Amino acid sequence: MSGGPTILHLHLISDSTGETAASVARASVVQFNNVHAIEHHWPLVRSRSQMQKAIDSVAANPGVVIYTLVDGGLSQALNEACVELNVPCIPIISRVVKEISAYLNIETSAMPGRQYILDEEYFSRMEAINYSLVHDDGQHADHLDQADIVLVGPSRTSKTPTCIYLSYRGYKAANVPFVPNIPLPDKLFELKRAFIVGLTINPENLVQIRKNRLLSLHEHENTDYVDIEQVKEEMAAARRLFTKQRWPVIDVTRRSVEETAATILKLYHEKKEKNENKENEHGAHPG
């Protein structure tokens, strides 16, 4: 009889929102097959009594403790408790902060939640998220010139989730669907500042994704949308357009949204740096 998944209790303790600890924990757990993680979240832990509640939870459900705390007293209390309970206790930020502090020879301010201060960067990110939501799926194409990045691709090539991910990183990202026999907005071909990227995917994979989407909508009729020959031609037409426009192309077949976004940002910054170098050369050598 085959066994079920291995259960892992993850105790995520933070003096702020806990997003960093959760992201690192999830990225780590997916590296293991057949492991089911049960997350215990303890955000905004800033007092001894709050820490004790978290420690009691660890005692009741032994597992791995991952934390982001800047208060030395709370960190020490947590580490001592974990030693007694014989469970791993892993700091996420403190090691990095210590190394930077040692390199710069500057003490940290030790302010809980400082990474989430509502500063200009925070509001810029919120603005980017709002932009991407409003400019999803070709909406409000007249404002595409405000975008940092524009994604173009056939339906179900992960345009929307990729844009949302990019916007969370602070980039105004819009997406425009490529639909056979329907012209793309003229504004798209007039863009000077925005970085345009074409997204493609293996036709067989795309057909399966689209079929699953139709099933979730209780649609069972076979149409060109899921006909393999039509989808192959649709993808070929998209590639021809991307090549003609000299837009970089990313195949998302075996990529996660995070991987696709990382590739887009790499290309984006490479082009931005190249353009800045050209501007500097023109400035240094006026005609």
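The preceding data block contains the structure.
Residues numbered from 1 in each chain as written. Predicted model: local features only at pLDDT ≥ 70, side-chain atom pairs only at ≥ 80, totals over all residues. Heavy atoms only, no water.

A. Up close: the sheet that holds strand 4 (residues 89-91). Taken together, four strands build an open sheet; the order of strands is 2-1-3-4 and the sheet is parallel. The outermost strands of the open sheet, each flanked by one partner alone, are strand 2 (35-42) and strand 4. Averaged over neighbouring strand pairs, the angle between their axes works out to 25° when direction is ignored. For strand 1 (residues 6-14) and strand 2, the ladder comprises eight bridges, and the chain directions are parallel. By the bridge assignment, Ile-13 is partnered in strand 2 with Trp-42. Along the sheet face, helix 1 (residues 19-29) touches strand 1, strand 2 and strand 3 (64-68) and points at about 160° away from the line of strand 1. In the packing of helix 3 (residues 72-85) onto the sheet, the strands contacted are strand 1, strand 3 and strand 4, and the crossing angle to strand 3 comes to about 175°. (Pairing = 2+ DSSP bridges. Helix = DSSP H or I, 4+ residues; strand = E, 2+ residues; numbered from the N terminus. Axes fitted to C-alpha atoms, helices over the stretch in contact; angles between N-to-C directions. Contact = heavy atoms within 4.5 Å.)

B. Region of the structure containing the sheet that holds strand 7 (residues 195-200). Strand order in the open sheet made by the four strands is 6-5-7-8, with parallel pairing throughout. Of all strands in the sheet, those bounded by a partner on one side alone are strand 6 (173-177) and strand 8 (249-251). Each adjacent strand pair in this sheet contributes to an overall mean axis angle of 25°, direction not counted. Two strands pair when backbone bridges link them, and strand 5 (residues 149-153) and strand 6 are joined in this way by five bridges, in the parallel orientation.

C. Molecular detail of helix 7 (residues 203-216). Its 14 residues place the ends of helix 7 20 Å apart at the C-alpha level, agreeing with the 20 Å of an ideal helix rising 1.5 Å per residue. Regarding helix 7, the residues found buried are Pro-203, Leu-206, Val-207, Arg-210 and Leu-214. Viewed along the axis of helix 7, the buried residues span an arc of 100°, placing them on a single side of the element. Just past helix 7, the residue His-218 takes up positive phi, approximately 60°. (Expected span 1.5 Å × (residues − 1). Buried < 20%, exposed > 50% of the residue type's maximum accessible area, 1.4 Å probe, protein only. Arc of directions from axis to C-beta.)

D. Representation of the pattern of salt bridges. Counted according to the given criterion, the structure contains nine salt bridges. A salt bridge links Arg-240 to Glu-233; the shortest N-O distance between them is 2.9 Å. Classification of Glu-233 as partly exposed rests on a relative accessible area of 42%. (Salt bridge = Lys/Arg side-chain N within 4 Å of Asp/Glu carboxyl O.)

E. Layout of a nonpolar patch on the surface. Together, Val-96, Ile-100, Tyr-103, Leu-104 and Ile-106 give the surface a local cluster of nonpolar side chains, amounting to about 560 Å² of exposed area. Along the chain, the position of Ile-106 falls in the loop between helix 4 (94-104) and helix 5 (120-134). (Patch = residues over 30% accessible without salt bridge, like charges linked within 9 Å, V, L, I, M, F, W, Y side chains within 5 Å. Areas by Shrake-Rupley, 256 points an atom, 1.4 Å probe, with all protein chains shown as cover.)

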